[in-house]
Amino acid sequence: MDYEKLGLKMGLEIHQQLNSEHKLFCPCKTELVDDDFDGIVQRKLRPTQSELGEIDRAALQESLRGLNFKYENFAKHTCLVENDDEPPHSLNEEALDICITIACLMNMHIVDEFHTMRKQVIDGSNTGGFQRTGMVATDGYLETPYGKVVIESLGLEEDAARRIETKDGFTEFRLDRLGIPLAEVTTDPSMHHPDQVREVAYMLGQILRSTNVKRGLGTIRQDLNISIAEGARVEIKGVQDLDLMAEIVNREIQRQLVLIDIKKELVARNAEVLDEIHDLDELFKDTESKILKSAETIKAVVLKGYDGLIGREVQPGRRFGSEIASYAKKRGVSGIFHSDELPAYGITQEEVDNVTDYLNIGEDDAFIIVAHDEDIAISALEEVKRRASLGLDGVVEETRKALEDGNTEYMRPLPTANRMYLETDIPLFKITADRIEPISNNLPELPDVKQARIIKEYNLSEDLATQLVKRQEADMFEAIIADVSIDATPVASLLAYDLREIKREGHDITALGLDHFKEIFTLLAEGKIAKDSVRKLAIETIKAPESDVAEIAEINNLTMLSEDDVVKIISEIVAKNEGMVKERQMGAMGPLMGMCMKQLKGKADGGMVNKTVRSEIQKLI
Amino acid sequence: MTYKENAEKFIETYGLSIGDKIQVNKEDITYTGILLDRPEDADDGYLVLKLSSGYNIGVAIENTAAELIEKGEKPKIGFGKSEIPADPKKQNISIVSTGGTVSSVIDYRTGAVHPAFTASDLVKANPELLDYANYNVKALYNILSEDMKPEYWVKAAREIANDISNGSDGVVIAHGTDTMHYTAAALSFMLKTPVPIILTGAQRSSDRPSSDANINLIDSVVAAKSDIAEVCVCMHGSLNDKYTYLHKGTKVRKMHTSRRDTFRSINAQPIAKIENKKININPDYAYTKRGVNGLELNANIEEKVGFIKSFPGISSDYIEYHIDNGYKGLVVEGTGLGHVPNDLIDSFKRARDENIPVIMTSQCLYGRVNMNVYSTGRNIIDSGVISGVDMTPETTYVKLCWALGQSDSYNEVKEIMHEDIAGEFSEKSSIKDFLN
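Cut-off values and rules
- Residues numbered from 1 in each chain as written.
- Chains lettered and ligands numbered in written order.
- Predicted model: local features only at pLDDT ≥ 70, side-chain atom pairs only at ≥ 80, totals over all residues.
- Heavy atoms only, no water.
- UniProt positions renumbered as here; feature names shortened; annotations may be inferred.
- Helix = DSSP H or I, 4+ residues; strand = E, 2+ residues; numbered from the N terminus.
- Contact = heavy atoms within 4.5 Å.
- Areas by Shrake-Rupley, 256 points an atom, 1.4 Å probe, with all protein chains shown as cover.
- Rg over C-alpha atoms; globule rule 2.2 N^0.38 Å.
- Buried < 20%, exposed > 50% of the residue type's maximum accessible area, 1.4 Å probe, protein only.
- Lys, Arg positive; Asp, Glu negative; His and termini not counted.
- Charge placed at Lys NZ, Arg CZ, Asp CG, Glu CD.
- Domains from an automatic or database assignment.
- Pairing = 2+ DSSP bridges.
- Axes fitted to C-alpha atoms, helices over the stretch in contact; angles between N-to-C directions.
- Phe/Tyr/Trp six-rings, centres within 6.5 Å; stacked < 30°, edge-to-face > 60°.
- Lys NZ or Arg CZ within 6 Å of the ring centre and 35° of its normal.
- Buried area = accessible area lost by both parts, 1.4 Å probe.
- Salt bridge = Lys/Arg side-chain N within 4 Å of Asp/Glu carboxyl O.
- Polar contact = N/O pair within 3.5 Å; in protein donor to acceptor, adjacent residues only side chain to side chain.
- Nonpolar A, V, L, I, M, F, W, Y, C, P; charged D, E, K, R; others polar.
- Parallel < 35°, antiparallel > 145°, perpendicular 65-115°, else oblique.
- Left-handed = near helix turned anticlockwise from the far one by under 90°.
- 1 Å grid on protein atoms, 1.4 Å probe; cavity = no way out; pocket = protein on both sides within 12 Å on 5 of 7 lines; lining within 4 Å.
- Points joined across faces, edges and corners; volume = space filled by probe spheres on them.
- Disulfide = S-S within 2.5 Å.

Under an unreviewed UniProt entry, chain B has the name Glutamyl-tRNA(Gln) amidotransferase subunit D and belongs to Methanobrevibacter gottschalkii DSM 11977. Here is the UniProt Sequence similarities (unreviewed entry) comment for chain B, exactly as written: "Belongs to the asparaginase 1 family. GatD subfamily." Quoted verbatim from the Catalytic activity (unreviewed entry) heading of the UniProt record, the comment on chain B is "L-glutamyl-tRNA(Gln) + L-glutamine + ATP + H2O = L-glutaminyl-tRNA(Gln) + L-glutamate + ADP + phosphate + H(+)".

The name an unreviewed UniProt entry gives chain A is Glutamyl-tRNA(Gln) amidotransferase subunit E, with Methanobrevibacter gottschalkii DSM 11977 as the organism. A UniProt comment under Subunit (unreviewed entry) is attached to chain A, and it reads "Heterodimer of GatD and GatE."

Printed below as a string of structure tokens:
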């Protein structure tokens, strides 16, 4: 694709959970909880009306869905603040300081005073009906292989509640995630190539990870803003996999191009969405279609001039009809039937003909059927009409959700700025130079810089250094090496590879502290344990972290034997096999070496065993 | 405008006013946004800017220059006047607003919350109210609940009496929650009413989507249309947006600083539960039915009444101060069954000698005063102190203000205090009436 010619413009928005001890506005821990919840509260949300008569588009949209909410709460892990039954406590300054660190790393300008805002979100993911958020810094930049990317803003905000399920008219959320501090990094929409977006997303992630942030699945979320010249701005939420980014971009371009095409065709056909909602109950009273039979009512609208276009593919496996359906689904229906896909779903050609006759529509015209309860069917068809009419505008500005295959699906209209107002329960917070300076003077080393440095400084392989940095073990590595004079590679290799395996085997590697590592590697440096025993000793230390590491080595039989003992053991083995030595001469070296190593593994140096076996054989021949 | 000193001077120098789109230039950064007002309690030296993203930031004015980009409109507050349609088939309900969390509104452009929200705004913000009744709405005053004074109870009682005699079928009063139970008690003593009088409020302000105001208001209208011709408080019954309770105005108290279900009936059960717009009246409750009482207003009160809480180490100065300063009556929140340290008893005798009634209540809140169990209690009775029985200290305080408005004779006041005027006593302490 010629991205330049298409006028492709992209920006990124990255949400990263911070690893502060407490939540942003209450003293609860910033951990997800999988225990059974202690209670549930039921709530309703209602969009508030501004006195200027403007209700935010996105907020209104969500409220019309008329959903009720349930919130799972915990006596120990959550409090009345998450419940929206207590005003927020003061701003978490630890979280603010992490954001200041991020701002400095991205060359940003920190605001003089932080104002906590309420951003209206009434999909239930926030118990208050708004997310608390504030602007920490603006106007930064990042040097990338594709040139400078402007970092427009850095926000500090609350994470939303975790959605558990929707059933029986209620959406259920768990309150554990609500209030975990998030840094929100937004770039300007100046990226023009999918590879560039991927690279910038990766770099931003690396920078964030050099600060005190959460790691693991779901702790970082990427959103992509994208438009092409003739299209419109679309925000794609939840792009998890960076490798999928190019695919998502290409499929979105394709979708916008097809929608532009459909628009042109609709305009040429003088297409029009008719207002009337028709009742088809009579027509389908003897239908064999299971879906239609089970519905309270069957209704339809006519789309003049839409024939053939509703079935047009906008993305692989998704049609213009899917776009319309996703609007209708927000009103509680599970789908729609459109004339381009019928007969199907048990609806016969005869029934289709009957509908066509009854609605009195022409060759170019299409219809859409919804089957559900009266209220929901009407409300869904209103949305069908609205989305179908928007087809005449081409691409619609909206927030979409990234799907696993690279496609996207409609979520809600783009939010507008008028959903933000001051959180009056929290005082304004000054960010003075006294606060910033100690942070800006002690910035963490960025990952790529750190990697290059440790390769050079400790003569590590690039792979080992990469893994150390990626697993955030580089600081531990350097602390060990600083105190124990030992070859760097076994230390790096334990931290970079073995620890992960040990963890997988079910051991709690957090039990190992710097002192444990120093003792283990001192034993190795002093020749008291063998290289091969390091991993085993680490595991045994996890099991008894309070005990002396040298004793643990002793008890578990991991300490090396003295040279005399080794010679004694080897000479006994060789003596026992005297017959073989006599027969094979030096050819007995291999088998004897195997036997000795089996007995001495981890207790004697391999080179020394080799030398001793050799001399013992020579003594006999 | 609440910009002060330096900031005010800065704004004047550059010819700016609130609502203007401006550009602020600092040494290494430029911000463009709408100049907003600054909260009154925030300090001098910063401007508040709303950026185009909707975020507000504070910009220090030191080493800063500004320029006007575009003059802005003054923000308009309120919904604008419009007629509320009347339907002869529906009942006529009066809504009286007095201020508080339930009646605040947000100016989205500037982000300021204004308590200047009138009763008619309340109906417009909750248009579904129109399905249930016709409304006569008025803003009586707009004060925070903590600024409530006894004189406002009088004003409210007169206004409500007026509405009822003009044909109102029920009254809803939007009130701040902090002192709602005082006002509820005051109206209970001042008014005999043929129709329901319902006080309601919100624990979460109505400018937020999660506000409890909407359900509380709608259920209050349901209560105001009901058969219960009493002064009641209608508020959330649990943490869920599911049902509300109707509490008797003399038996209710705010029991939590922030929870939605803060109001509890003390030493009593709620009169009714309202769920899905349906009222379920507690069958054990003998309430006054609509139309049984004629309208009677007796709003005479004495405002100079003291209210003291006993504590270990309290000295008789607390009592003496009130006597010396001309207080006409005193309510004491004693410990346990109704006790104070023995040192105070001489001061109680002095009060009795000077014709100042002292009423004993309990800071336990639950249970009833009984000063016969311990010798201290008997000494307190002998000093002339009157028992508040099982009334909450707040209801006792309000009742004493009212009783002293009826008479200045100690004996008559004592009689009034022990007469059940508005269901403020219950004879029996039920096993169910604790922490519910």
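Let's pick the thread back up.
> Honestly, the overall build of chain B in this entry has me stumped. Any pointers?
Of the regular secondary structure elements, chain B holds 10 helices and 23 strands. Taken over the C-alpha atoms alone, chain B extends approximately 80 × 60 × 35 Å along its principal axes. Here the analysis covers contacts within chain B between residues at least 6 apart in sequence; of these, 70% occur between residues at least 24 apart. Per element, the accessible surface of chain B, about 18,000 Å² overall, is 47% carbon and sulfur.

> Help me understand the overall build of chain A, please; the structure alone is not making it clear to me.
What chain A contains, in helices and strands, is 21 helices and 24 strands. A compact globule built from 621 residues would reach a C-alpha radius of gyration of about 25 Å, whereas chain A, at 33 Å, exceeds it by more than 25%. Projecting the C-alpha coordinates of chain A onto the three principal axes gives extents of approximately 110 × 65 × 55 Å. Taking all 621 residues of chain A together, the buried fraction comes to 54%. Charge-centre separation for chain A: the mean point of 76 positive side chains lies 4 Å from the mean point of 114 negative side chains.

> Please clarify how the domain arrangement of chain A should be interpreted in this entry.
The figure often quoted for interface size is the accessible area lost as the parts come together. Segmenting chain A into domains produces domain 1 (3–260), domain 2 (272–394), domain 3 (445–556) and domain 4 (563–619). The C-alpha-based centres of domain 3 of chain A and domain 4 of chain A are spaced at 32 Å.

> Help me understand the UniProt feature "domain: GatD N-terminal" (unreviewed entry) in chain B, please; the structure alone is not making it clear to me.
In the numbering adopted here, UniProt assigns the feature "domain: GatD N-terminal" (unreviewed entry) to residues 17–69 of chain B. Across residues 17–69 of chain B, helical content stands at 0% and strand content at 51%; the span's end C-alpha atoms are separated by 12 Å.

> Please clarify how the sheet that holds strand S18 (residues 278–281) of chain B should be interpreted in this entry.
What holds strands together in a sheet is hydrogen bonding between their backbones, with the strands either parallel or antiparallel. All names here are of chain B. Strand order in the open sheet formed by 8 strands is S9-S6-S10-S12-S13-S14-S17-S18, with mixed pairing between adjacent strands. Among the strands making up the open sheet, the edge pair consists of strand S9 (134–139) and S18. Shown here is a sheet whose adjacent strand axes are inclined to one another by a mean of 25°, direction ignored. Summarising the sheet, strand S12 (residues 197–200) and strand S13 (residues 231–236) pair through 3 bridges and their orientation is parallel. Residue pairing across strands places isoleucine 198 opposite cysteine 232, the latter belonging to S13.

> Would you mind showing me how to read the packing of aromatic side chains here?
Each pair of aromatic rings is reported with the distance of its centres and the angle of its planes. On inspection of all chains with the given rule, the structure shows 14 aromatic pairs over all chains. Each ring, one from Phe69(A) and one from Tyr71(A), has its centre 6.5 Å from the other, and the planes form 35°; the classification is tilted. On the basis of relative accessibility, which here comes to 0%, the residue Tyr71(A) falls in the buried class. Residues Phe311(B) and Tyr318(B) carry aromatic rings whose centres are separated by 5.6 Å and whose planes lie at 80° to one another, so their mutual orientation is edge-to-face. A connected cluster of aromatic rings, assembled from ring pairs, spans Phe69(A), Tyr71(A) and Phe173(A). In this structure, Lys70(A) packs its charged tip against the face of Phe170(A), placed 4.7 Å from the ring centre. The positively charged end of Lys304(B) is found above the aromatic ring belonging to Tyr327(B), 4.9 Å away from the centroid.

> What's the story with the domain arrangement of chain B in this structure? I'm lost.
Partitioning chain B into domains gives domain 1 (3–70), domain 2 (92–297) and domain 3 (305–417). Put simply, the middle of domain 1 of chain B and the middle of domain 3 of chain B, counted by C-alpha atoms, are 56 Å apart.

> In this structure, what is going on with helix H7 (residues 320–329) of chain A? I would like to understand it.
By the criterion of burial, H7(A) is predominantly enclosed, with 8 of the 10 residues buried. For H7(A), the full list of buried residues reads Phe320(A), Gly321(A), Glu323(A), Ile324(A), Ala325(A), Ser326(A), Tyr327(A) and Ala328(A).

> Is there a simple way to explain unusual backbone geometry in this structure?
Most peptide bonds take the trans form, and the phi angle of most residues other than glycine is negative. The omega angle of the peptide bond from Leu342(A) to Pro343(A) is 0°, so this bond is cis rather than trans. Looking at the secondary structure, you find Pro343(A) in the loop between strand S19 (337–338) and helix H8 (349–359). The backbone phi angle of Asn360(A) is positive, close to 55°, even though this residue is not glycine. Counting through the fold element by element, Asn360(A) comes out in the loop between H8 and strand S20 (366–372). Its relative accessible area of 67% is what places Asn360(A) among the exposed residues. Even without being glycine, Asn276(B) reaches a positive phi, approximately 50°. Mapped onto the elements, Asn276(B) comes out in the loop between strand S17 (272–275) and S18. According to the relative accessible area criterion, Asn276(B) is exposed, its value standing at 59%.

> What should I look at first to understand the UniProt feature "domain: Asn/Gln amidotransferase" (unreviewed entry) in chain A in this one?
Taken from the UniProt record, the annotation "domain: Asn/Gln amidotransferase" (unreviewed entry) applies to residues 475–617 of chain A. The straight-line gap between the two end C-alpha atoms of residues 475–617 of chain A is 48 Å; of that span, 70% is helix and 0% is strand.

> Help me understand the sheet that holds strand S23 (residues 386–387) of chain B in this model?
The strand order S20-S21-S22-S23 (chain B) describes an open sheet built from 4 strands, whose pairing is parallel. The open sheet has two edge strands, strand S20 (305–309) and S23 of chain B, and neither has a second partner.

> Please explain the interface of chain A and chain B as it appears in this structure.
The partner chain B presents 54 residues to the 50 residues of chain A that form the contact. Counting the surface lost from both chain A and chain B, the interface buries some 4,200 Å², and carbon and sulfur atoms represent 53% of this. The closest approach of N and O atoms between Asp85(A) and Arg260(B), which form a salt bridge, is 3.1 Å. Joining chain A to chain B, the criterion identifies 22 residue pairs in polar contact (both at pLDDT 80 or more). Listing elements by their share of the side of chain A that touches chain B, those giving two or more residues are strand S2 (39–44), strand S4 (109–110), strand S6 (117–120), strand S7 (130–144) and strand S23 (420–422) of chain A. Looking at the side of chain A that touches chain B residue by residue, the classes come out as 17 nonpolar, 16 polar and 17 charged. With 2 bridges connecting them, strand S5 (residues 113–114) of chain A and strand S4 (residues 56–60) of chain B associate as antiparallel partners. Note that in S4(B) the partner of Phe114(A) across the bridge is Ile57(B).

> Is there a simple way to explain the packing of helix H11 (residues 447–458) of chain A against helix H12 (residues 462–470) of chain A in this structure?
All names here are of chain A. Here H11 crosses H12 at 140°, and the two axes come no closer than 9 Å. By the criterion of interaxial angle, the relationship of H11 to H12 is oblique. Seen along the crossing, H11 lies across H12 with a hand that is right-handed. Mapping the contact onto sequence places Pro447, Lys450, Gln451, Ile454 and Ile455 in H11 and Glu462, Ala465, Thr466, Leu468 and Val469 in H12. Classifying every residue of the contact of H11 with H12 gives 6 nonpolar, 2 polar and 2 charged.

> Which parts of the structure should I look at to understand empty space enclosed by the protein?
The method is simple in principle: a probe with the dimensions of a water molecule rolls over the atoms, and the space it marks as empty is what remains. Residue and element names in this part refer to chain A. All chains considered together, the criterion is met by 4 cavities of 30 Å³ or more. Considering only enclosed or pocket space, the largest cavity measures out at about 120 Å³ in volume. In terms of lining residues, the largest cavity is bounded by 14 residues, among which Val81, Thr127, Arg132, Glu158 and Leu178 are the most central. Of the residues contributing to the lining of the largest cavity, the split by class is 5 nonpolar, 4 polar and 5 charged.

> How should the state of the cysteines be read in this particular structure?
Here, disulfide denotes a covalent bond that connects the sulfur atoms of two cysteines. The full count for this structure, using the stated rule, is 0 disulfides over all chains. Unpaired in terms of disulfides, Cys232(B) finds its nearest cysteine sulfur in Cys234(B), a separation of 8.7 Å.

> Could you clarify how one ought to interpret the pattern of salt bridges in this entry?
Side chains carrying opposite charge are able to pair once their charged atoms draw close together. Scanning all chains against the criterion turns up 82 salt bridges over all chains. Residue Arg221(A) is joined to Asp159(A) by a salt bridge in which the shortest nitrogen-to-oxygen separation is 2.8 Å. Of the two residues, Arg221(A) is situated in strand S12 (residues 220–227) and Asp159(A) in the loop between strand S8 (147–158) and strand S9 (162–167); the sequence distance between them amounts to 62 residues. One salt-bridge network, held together by shared partners, links Arg43(A), Asp84(A), Asp85(A), Arg118(A), Arg132(A), Glu158(A), Glu423(A), Asp425(A), Arg204(B), Arg208(B) and Arg260(B).

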